Amino acid sequence: MKGIAAPVVYLQQQATVTGVVTNDKGEPLAGVTVEMKGSQTAVITDEAGRFSIHLPNSNATLVFSYVGYANYEQAVNGRTDIGTVILKTTTASSLDEVVVIGYGTARKSDLTGAISVLKSDKLMDAPVPNVTQALQGKVPGVDVSINNNAPGAGAKVRVRGLGSINSSLDPTYVVDGVIGVDPNSINPNDIASMEVLKDASATAIYGSRGANGVIMITTKRGRKGPTQVSYEGNVNVGQLYRHLPALNATEFVKMYNEAYANSAKWNNGVAVAPPKALNHQNFPLLFDENDNPIYNTNWEKEVYKPATSTSHQLNFQGGSDKTLFSLSMGYLDQNGIMINSWFKRYSARFTLDNEVNKWLKVGGSIAFSKGLQRMVSDGNGGLNVPRMVTEALPILPVKYPDGTWSGNSDIDGMEGGATPVHIANDRYSLNNNIQVQGNTYLLFKLTKDLEFKSDFGYNVNTQKNNFFSSNDLHNLSQDQGGVANIRSSQFVYWQSENYLTWNKQFDNGHRMTAMLGASWQKTNTETVFAETQNFIDNYFQWYNLGAGSVRNAITSGTGDYAMNSYYARVMYNINDKYMFTATGRADGSSRFGKNNKYAFFPSVGAAWRVSNEDFMKNNSAISDLKIRASYGGTGNQEIGSYMSIPQISSSTTVLAGANQSTLLPSYLGNPDLKWETSWQADAGLELGLWNNRVYLTADFYNRTTKDLLLQTPVAWSAGLQQNYVYRNVGSVRNTGLEIGLSTENIKTENFKWTTNFIFATNKNRILKLNDGNADIFPGPNFLGQTNILRVGEAIGSFWGRTRLGTYSTDEADLAASQGLLPGDRKYLLDENGKEVYSIIGRSVPKWTGTFSSTLNYKNFDFSFDIRFVQGVNTAATFKHSTEDRQTIANSLATVLDGWTPDHQNTMISQVRPYKWAQDSKFDTWWVEDGSYIRGQNFILGYSIPKATIDRWRIQKLRIYASVQNLFISTKYTGYDPEVDTYNSSFGNNSNFSQNLDFFSYPRPRVWNLGVSLVF
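Residues numbered from 1 in each chain as written. Predicted model: local features only at pLDDT ≥ 70, side-chain atom pairs only at ≥ 80, totals over all residues. Heavy atoms only, no water.

The chain goes by SusC/RagA family TonB-linked outer membrane protein in an unreviewed UniProt entry, where it is assigned to Niabella ginsenosidivorans.

Spelled out as structure tokens, the structure:
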């Protein structure tokens, strides 16, 4: 009986005290230690900043402690709810927040892994449409490339280099616990914080999805107290600020005539006349009676025009002791500088958290977004809008006086592309995207120290892409009589995460957090595609595919894959001095062979907080010092479904004069296919000086990826449609150094100046490829090979010829040995007289960095970011079309520097009719220095004084002006050295297309005016 009665008496003597902890901005603080003074009784606040602590009496004093904030004591005085406790920051340290680590949270000071934290105010300091663009230049070791500047386009994100060849290189995004969400579908204004997990100690909890890093996104939730309403709005104007000069009308005519005048040189001394001379007699609508061009159209100005965009965000946050809620609504109207390109997004998000009773909490979130994008820059490699900006003839008008479109085909002998303005009006894709994403959870408080959480997450995405190209676009869709198609897809994902968490604080100053869980996930996709051609009128477009008389294609498909996982993590803290973490996850995937369905991914980490040792207590300079190290494995499974099993595909053939359905062997399959695994070691240092006014974070990592999921060739004689099969072959190593340095330079009553610098290097090396380590040319191919995979070299190596210049008249004999003439391009030759192919550049920078500074004077604030990218090349492949193809299209103004008898020291060959154009291939003249220094973001803001806003009965009003992409210093001659114009539909492999530029959508300079209002 005594064993039963004792706990009853103990509970009756206790007092339960609740409350909420926030910072001075009213934002809840998760992970704050709430301790009864003079005892070991303590709890930690949850994600909403709330706590509930059981005390032996109601007259105790609570001590609130949180890294980066001053300790605070609060007497209970018999209360059961002490309301809101506001903690004040003590330093400019980056340790002032608890971070999300996957299936839980932890104080940053307790971490043994490499995790970078971004809060919403730092993330959204520029008007960007999505999360990936907002991330650029913010985190060391995270390389973000904004390659496509079309409205609504995302960015390419790489964490700690390139660790795979044929698998996905994208990091895994986790939004409020839901894994695999497309980050570009999230309204970035909804984000409260973002954590980037980089090393194995941090990412191993996600196992097979952690090899490329994990980015945790936590959205804004409710807050205790009266409902707070906030508004964020801005209007901005984008404009073209770098130019790619093409020949004007006079220069074009001069080069055209000169090219035909030079024709005798390549035609055995016989000059060739143009199909029709460029004069008034042949083209009275284009030339005056003196044979001068009537028009001098600058197509760059006609296509790239200033564009105004707006964004509006409205948030509601509030709640009571038991229930918290938030509601946000957003609208984005982004217009591109390329005419008729735009993107609109409508979004809404609702969250609810309710404490049903002392042992049960329920909650969840639901988010809706609808995106609508009009894209006019499609068709890379063809005569699309960006290409025709340069190649459209300057002697043509946009439209003739009778209202008809002009085109290059109006001039005999031209390749015949439509003008870019015509294409932008009559060829486009209208991409519709609707996404519903969210989760719901049950949190059971089983005992004082033990919790069980069951979380169900979902993501439903539907896409409908409508495409139309009119029946009068020469060399695009005129021959087909117009083309229209609809591509529709549906993506349905669900997950069930269930895990126990045990938080225990021992009497000897030790703390332990143990977590054990299981997960089930499934994804299903369905696609439908239909295309028709030959429309009697452009009116019908994709609204009525039946109006097209030619049914070109009708396809559909479905696919799914599933995962089952079991995971565990133990974090042990000894007196806030010694921290240990052990993590393990077993993943099973339907994507792999029957012999290798499951794999185990472990990691260990340790940290020593030197600054908490007794011998450091009297050190006035070092306020924080932590040394940490980790090692572990993560995986990669992103190769698509069904790659481990043989596949067949359907087709049709003609038998007995009629179409008959057929089945063809498509893919060989590999039942032994298994996980690609990365093993990573990380050593880190965190150092704070002078009360953390100077704070340094440094990490060195060494990551080796083994058993690469590599496409290995299959002989065509096998009769398969796919000439490859996936095998686990090869390995790659990435090593690098990451540094983050923040300083609080000046802090007075009216003035504060802080700076931040991030720096990262990465060295990539292929250790092993297929049997025999033969070179692999992965594409994308452009007039031959552009990239090479070679053991001992880096992924992203450019492959091509070395251009030495042009042959002079003194080198006529040497030129003749190659079948060439003086004025032709000259390349490096080997001892046998053959052109030498070698590695001629790299698409991955040697190092990147960002320098940021913020100055606050009274109510004014000014900040700027300057980004550095060094040791990288960008290939201006557009030079093929714009320097080597005279007489069939317009050229860049650089051809004015071409070879002539009086000007022989040049890289550009002598102009001549295209019939005798020299073979044009990837070479060192195209591969330029792509390093740059960019004025990324400059902001000037003013906050209305508190006395004024108090009279207006509002909490905050800030007005600001900013400019993005203010300047760039680079040797690259294209619009921007950060570019990728290739996609999966062009070339063999888009993983290696970074910094290949074949007529890109230019990056604009953006002037912005915004307001932040809280009431």
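Next, the rest of the story.
With that out of the way, let us pick up the sheet that holds strand β14 (residues 178–179). Spatial ordering of the open sheet is given by β10-β15-β16-β13-β14, a layout of 5 strands whose pairing is mixed. Single-partner strands in this sheet number two, and they are β10 (115–119) and β14. In the sheet, β10 pairs with strand β15 (residues 191–197) via 5 bridges, with the strands oriented antiparallel. Residue pairing across strands places S116 opposite V196, the latter belonging to β15. (Pairing = 2+ DSSP bridges. Helix = DSSP H or I, 4+ residues; strand = E, 2+ residues; numbered from the N terminus.)

Tallied over the entire structure, the rule returns 50 salt bridges. Across the pair R628 and D682 runs a salt bridge whose closest N-O atoms are separated by 3.6 Å. Of this pair, R628 sits in strand β29 (residues 622–636) while D682 sits in strand β32 (residues 676–689), placing them 54 residues apart in sequence. The burial state of R628 is the same as that of D682; both residues are buried. (Salt bridge = Lys/Arg side-chain N within 4 Å of Asp/Glu carboxyl O. Buried < 20%, exposed > 50% of the residue type's maximum accessible area, 1.4 Å probe, protein only.)

What follows concerns a positive patch on the surface. Among the surface-exposed residues, K706, R733, K763 and R765 lie close enough to one another that they form a single positively charged patch. Along the polypeptide, R733 turns up in strand β36 (residues 731–747). You can call R733 partly exposed: its relative accessible area is 32%. (Patch = residues over 30% accessible without salt bridge, like charges linked within 9 Å, V, L, I, M, F, W, Y side chains within 5 Å. Areas by Shrake-Rupley, 256 points an atom, 1.4 Å probe, with all protein chains shown as cover. Lys, Arg positive; Asp, Glu negative; His and termini not counted. Charge placed at Lys NZ, Arg CZ, Asp CG, Glu CD.)

With respect to the element layout, N728 can be found in strand β35 (residues 724–728). A polar contact of 2.8 Å, which involves the side chain of N728, links it to the backbone nitrogen of K674. From its side chain, N728 meets the backbone oxygen of D707 in a polar contact 3.0 Å long. Ignoring any residue separated from it by four or fewer positions in sequence, one finds N728 in contact with D672, L673, K674, W675, E676, D707, L708 and L709. (Polar contact = N/O pair within 3.5 Å; in protein donor to acceptor, adjacent residues only side chain to side chain. Contact = heavy atoms within 4.5 Å.)

This part takes up the environment of S863. Tracing the backbone shows S863 in strand β44 (residues 860–870). On the accessibility criterion, S863 (17% relative accessible area) is buried. Counting along the chain gives 68 residues from S863 to I795, while the straight-line C-alpha distance between them is 36 Å. Once residues lying within four places of it in the same chain are set aside, the contact partners of S863 are S853, T854, N937, F938 and I939.

In this section: a nonpolar patch on the surface. On the surface, L327, M329, F350, L352 and I366 cluster together into a nonpolar patch covering about 380 Å² of accessible area. Those elements giving two or more residues to the nonpolar patch turn out to be β19 (323–335) and β20 (342–357). With respect to the helices and strands, the residue I366 is situated in strand β21 (residues 360–375).

Another aspect to go through is the packing of aromatic side chains. Inspection of every chain in the model, using the stated rule, returns 35 aromatic pairs. Judged by centre distance (5.8 Å) and plane angle (20 degrees), the ring pair of F864 and F938 falls under stacked. Pair noted here: F864 is in strand β44 and F938 is in strand β47 (residues 932–943), with a separation of 74 residues, a long-range link. Side by side, F864 and F938 carry an identical accessibility label, which is buried. Taking NZ or CZ as reference, R591 lies 3.7 Å from the ring centre of Y561, over its face. Between the NZ or CZ atom of R801 and the centre of the ring of Y827, over which it lies, the distance is 3.9 Å. (Phe/Tyr/Trp six-rings, centres within 6.5 Å; stacked < 30°, edge-to-face > 60°. Lys NZ or Arg CZ within 6 Å of the ring centre and 35° of its normal.)

Moving on, we come to the UniProt feature "domain: TonB-dependent receptor plug" (unreviewed entry) in the chain. Within the UniProt annotation, "domain: TonB-dependent receptor plug" (unreviewed entry) is assigned to residues 108–214. Helix makes up 11% of residues 108–214 and strand 25%, with an end-to-end C-alpha separation of 17 Å. (UniProt positions renumbered as here; feature names shortened; annotations may be inferred.)

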